[in-house]
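Remarks on the overall topology
Residue strings, one per chain:
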Amino acid sequence: MCTRQELCEPEKVSLICGLLRQSPPGEFGQVVQDLSALVQDDKLVRQEAARMGACHNKNNFTPIQINGRTVLLTHYNNLGGNRFFDPQHKFSFEFDHLRGVPSKPQLHGVMLDEGELWREALHKGLKAYVSSHFPVGNCCVFKKSLGKRQMFVACIEAHQYQPSNHWNSLWKSDWTFALTPFTTQVTAIFLLQIHYFKHANLHVNVSKSVSETLNVIDQSQFATDFVKFVKAEDTKFHVAILENIQALSEDLWGKNLRRKLPVTRTFMNWNKLLNDQHLKTNVSNTEVPLCLLKHTI
């Protein structure tokens, strides 16, 4: 039976998974270290971190380096058993999500059919766009067969991790469509995540969905039109974000984005507050990592 001072293992697992699920991009490893210090059960934390790390990497299109090449970890190139494949260079590998280390690369055969030729044409056009429009960006086009239909998913990932400056950010999008005669419906989902953690704990998440019908004549025409569509929607999303940030005046911030508390213009020392309250938990004597604090004033 659990005491008030100690959590049961199922409660610990729920707490660990909940916090790992909320890990901002680029901070998963730090959150794992902080949880190990707080929970005081390194084996349990590492066990859950290995499982949650796989979800974290695939959801964020995490780029990794293997054999001098950059490969995105996604749900679309997941072979199961922590194994992924690179459709562009035709090889697969295992990935340790806890240590962040790839291993056991081997050839991964891909049939050079019409769908693969379309995929390569799309990847070439998208790669050129991403290289010229993102300071640090990665992309890949994946192909899936659903019966007789060829489905394509284009993934774009661009991040800036600046922990020494107290912020990290991720921009990602995926574009899904089928290879059908004459026209196809392209559906995209954007996500921007920003975490600022200097004397505060500010999380910004912005998402958007778009859809458009494009003509399908040949590989060259469609690849060109697809990249134009991606560029146009990227620009719209970027401009909308900048306009909304500019509109966040101090008055709007105070009325809508913060809790209804007096404006003291001082920082809350959460560790001192916890110690002063003499909480009878392990947390009272442990430095609370800033990235785990959910509420600030």
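A quick note: this is a predicted structure, and the numbers were derived from the prediction, not measured. (Residues numbered from 1 in each chain as written. Predicted model: local features only at pLDDT ≥ 70, side-chain atom pairs only at ≥ 80, totals over all residues. Heavy atoms only, no water.)

Before going further, it helps to spend a moment on the state of the cysteines. Tallying each qualifying case throughout the model produces 0 disulfides. With no disulfide of its own, Cys140 has Cys139 as its nearest cysteine by sulfur position, at a separation of 7.1 Å. Not part of a disulfide, Cys155 finds its nearest cysteine sulfur in Cys140, a span of 7.4 Å. On the basis of relative accessibility, which here comes to 0%, the residue Cys155 falls in the buried class. (Disulfide = S-S within 2.5 Å. Buried < 20%, exposed > 50% of the residue type's maximum accessible area, 1.4 Å probe, protein only.)

Attention now goes to the packing of aromatic side chains. A full pass over the atoms with the stated rule returns 16 aromatic pairs. Relative to Phe222, the ring of Trp118 has its centre 6.1 Å away and its plane inclined at 50°; by these criteria the two rings are tilted. Here Trp118, found in helix α4 (residues 114–133), pairs with Phe222, found in helix α5 (residues 219–247); they are 104 residues apart in sequence, far enough to count as distant. Relative accessible area serves as the criterion here: at 7%, Trp118 is assigned to the buried category. Look at Tyr129 and Phe134: their rings are 6.2 Å apart centre to centre, the planes differ by 90°, and that puts the pair in the edge-to-face class. For the pair shown, Tyr129 and Phe134 are each scored as buried. Three or more aromatic residues joined by ring pairs form one cluster here, namely Trp118, Tyr129, Phe134, Phe152, Trp171, Trp175, Phe177, Phe190, Phe222, Phe226, Phe229 and Phe237. Over the face of the ring belonging to Phe61 we find Lys172, whose NZ or CZ atom lies 4.7 Å from the ring centre. (Phe/Tyr/Trp six-rings, centres within 6.5 Å; stacked < 30°, edge-to-face > 60°. Helix = DSSP H or I, 4+ residues; strand = E, 2+ residues; numbered from the N terminus. Lys NZ or Arg CZ within 6 Å of the ring centre and 35° of its normal.)

Sheet architecture is open: 4 strands sit in the order β3-β4-β5-β6, paired in antiparallel fashion. At either margin of the open sheet sits one strand with a lone partner, and together these are β3 (78–80) and β6 (101–107). Strand-to-strand, the axes of this sheet are offset by a mean angle of 30°, without reference to chain direction. (Pairing = 2+ DSSP bridges. Axes fitted to C-alpha atoms, helices over the stretch in contact; angles between N-to-C directions.)

This part covers the pattern of salt bridges. Throughout the structure, instances matching the rule amount to 9 salt bridges. Note that Asp96 is salt-bridged to Arg99, the shortest N-O span being 3.0 Å. Here Arg99 falls in the exposed class, since its relative accessible area comes to 57%. Through salt bridges with shared partners, a single ionic network connects Lys90, Glu116, Arg119 and Glu120. (Salt bridge = Lys/Arg side-chain N within 4 Å of Asp/Glu carboxyl O.)

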